[in-house]
Amino acid sequence: MFVPMQTEEIHQEGRRARRASMNVLGQFSMVFGVAALLATLFTAWTPLGLMPPNLAAQVAEFFQAGDVEQGSEFPTPTPRPRPLIGIVAGHSGGADPGAVCADDGLTEGSINLEVATRVKEKLVTAGFDVDLLDEFDERLEGYEALALVSIHADSCNYIDDNATGFKVAPALGNNSPEKSSRLADCLSSRYAGVTGLRFHPGSVSPHMTEYHAFSEIDLSTAAAIIETGFMNLDRLVLTQQPDLLAEGVAQGVLCYIYNEDASGAEGN
């Protein structure tokens, strides 16, 4: 004989059914949340997006909790800062254009800016943050970077047939002069190899060794100055192959950063 359920029994059955449904939904939400977290971690696992050191513990705590509170948020990896490099375009951004060729008005500043801009592009492509700085840039005061290189060119006057080639000088007054010396060695080695120009011996002047930016930047910043060639006898390569010169400088910076062999460097 069929006996209808009492009203209270019906209400109890309804509550049990709702609790079971909510339990299933809760478990599904937890699984979905874990899957989303793992997908985020795998997506972010790149050289410039590393997992924070405490994230593994937080993931373990999540699993141990056995439940996920509604609206909870998980930490996401953030890109680590990229190493910073400073490139000074000598005699740019001011009234002093540097050396000037009397015949056509070609300025050292224009050559330096063209080469420095290309150096920046190459180093950015290699994965670094790069500041392109003027000769007397206010940012140079206390400037901190992995390395700083100031790019210049030499006189447009004819001196003699030997006035051809490049020269490099390191900043030796900082906290780690050996780092600046290694940067200069790398620049000499790679620039000579790429451009085919030779190191010009015996012509590194006090204007290079006592370069003003060396005393302005932070003492922890390795620094060097390079004169990429003479605007007289090396005019052709300076004006028509700036990308070649920039490649030599960029490879020199990368040689220093990656601690590559700089043996064979001349003049330092």
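This structure is a prediction, so every number in the text was calculated from the model and none was measured.

**A word on the overall build of the protein**
A count of helical and extended segments in the protein gives seven helices and five strands. Split into buried and exposed, the 268 residues of the protein put 39% on the buried side. Across the protein, every contact between residues at least 6 apart in sequence was considered, and the portion connecting residues at least 24 apart equals 81%. Looking at the protein as shown, the accessible area adds up to about 15,100 Å², and 56% of this sits on carbon and sulfur atoms.

**With respect to the packing of aromatic side chains**
If you walk through the whole model with that rule in mind, you get four aromatic pairs. With a centroid separation of 6.2 Å and 50 degrees between ring planes, the pair formed by Phe128 and Tyr258 is classed as tilted. One end of the pair, Phe128, is in the loop between helix H3 (108-125) and strand E2 (129-133); the other, Tyr258, is in the segment after helix H7 (242-257), with 130 residues separating them in the sequence. Assessed through its relative accessible area of 5%, Phe128 is described here as buried. One aromatic cluster is present, built from ring pairs that chain together Phe166, Tyr191 and Phe199.

**Some details on the packing of H3 against H7**
Contact geometry for H3 and H7: axes closest at 8 Å, N-to-C directions at 50 degrees. When the axis of H3 is compared with that of H7, the two are oblique. Relative to H7, H3 is oriented so that their crossing is right-handed. Counting all contacts with H3, which are made through Glu114, Val115, Arg118, Val119, Lys122 and Leu123, the residues of H7 involved are Pro242, Asp243, Leu245, Ala246, Glu247, Val249, Ala250, Val253 and Leu254. Considering only residue class, the contact of H3 with H7 consists of ten nonpolar, no polar and five charged.

**Regarding the side chain of Glu216**
In this structure, Glu216 sits in the loop between helix H5 (206-209) and strand E5 (222-230). Residues in contact with Glu216, not counting those within four places in the same chain, are Leu140, Glu141, Gly142 and Tyr143.

**What about the nonpolar core?**
Of all hydrophobic cores here, the largest spans 43 residues; its most connected members are Ile87, Leu123, Val149, Ile151 and Met231. Only strand E1 (84-89), H3, strand E3 (147-154), helix H4 (177-195), E5, helix H6 (235-240) and H7 provide two or more residues apiece to this core. For this core, the leading source of residues is H7, giving nine residues. Among residues more than four places away in sequence, those in contact with Met231 are Ala99, Cys101, Leu106, Thr107, Glu108, Ile111, Ala153, Asp154, Ser155, Cys156 and Leu238. Listed in part, the 15 residues of the second largest apolar core include Tyr143, Ala169, Ala171 and Phe214.

The rules we used
- Residues numbered from 1 in each chain as written.
- Predicted model: local features only at pLDDT ≥ 70, side-chain atom pairs only at ≥ 80, totals over all residues.
- Heavy atoms only, no water.
- Helix = DSSP H or I, 4+ residues; strand = E, 2+ residues; numbered from the N terminus.
- Buried < 20%, exposed > 50% of the residue type's maximum accessible area, 1.4 Å probe, protein only.
- Contact = heavy atoms within 4.5 Å.
- Areas by Shrake-Rupley, 256 points an atom, 1.4 Å probe, with all protein chains shown as cover.
- Phe/Tyr/Trp six-rings, centres within 6.5 Å; stacked < 30°, edge-to-face > 60°.
- Axes fitted to C-alpha atoms, helices over the stretch in contact; angles between N-to-C directions.
- Parallel < 35°, antiparallel > 145°, perpendicular 65-115°, else oblique.
- Left-handed = near helix turned anticlockwise from the far one by under 90°.
- Nonpolar A, V, L, I, M, F, W, Y, C, P; charged D, E, K, R; others polar.
- Core = buried A, V, L, I, M, F, W, Y, C linked by side-chain atoms within 4.5 Å.

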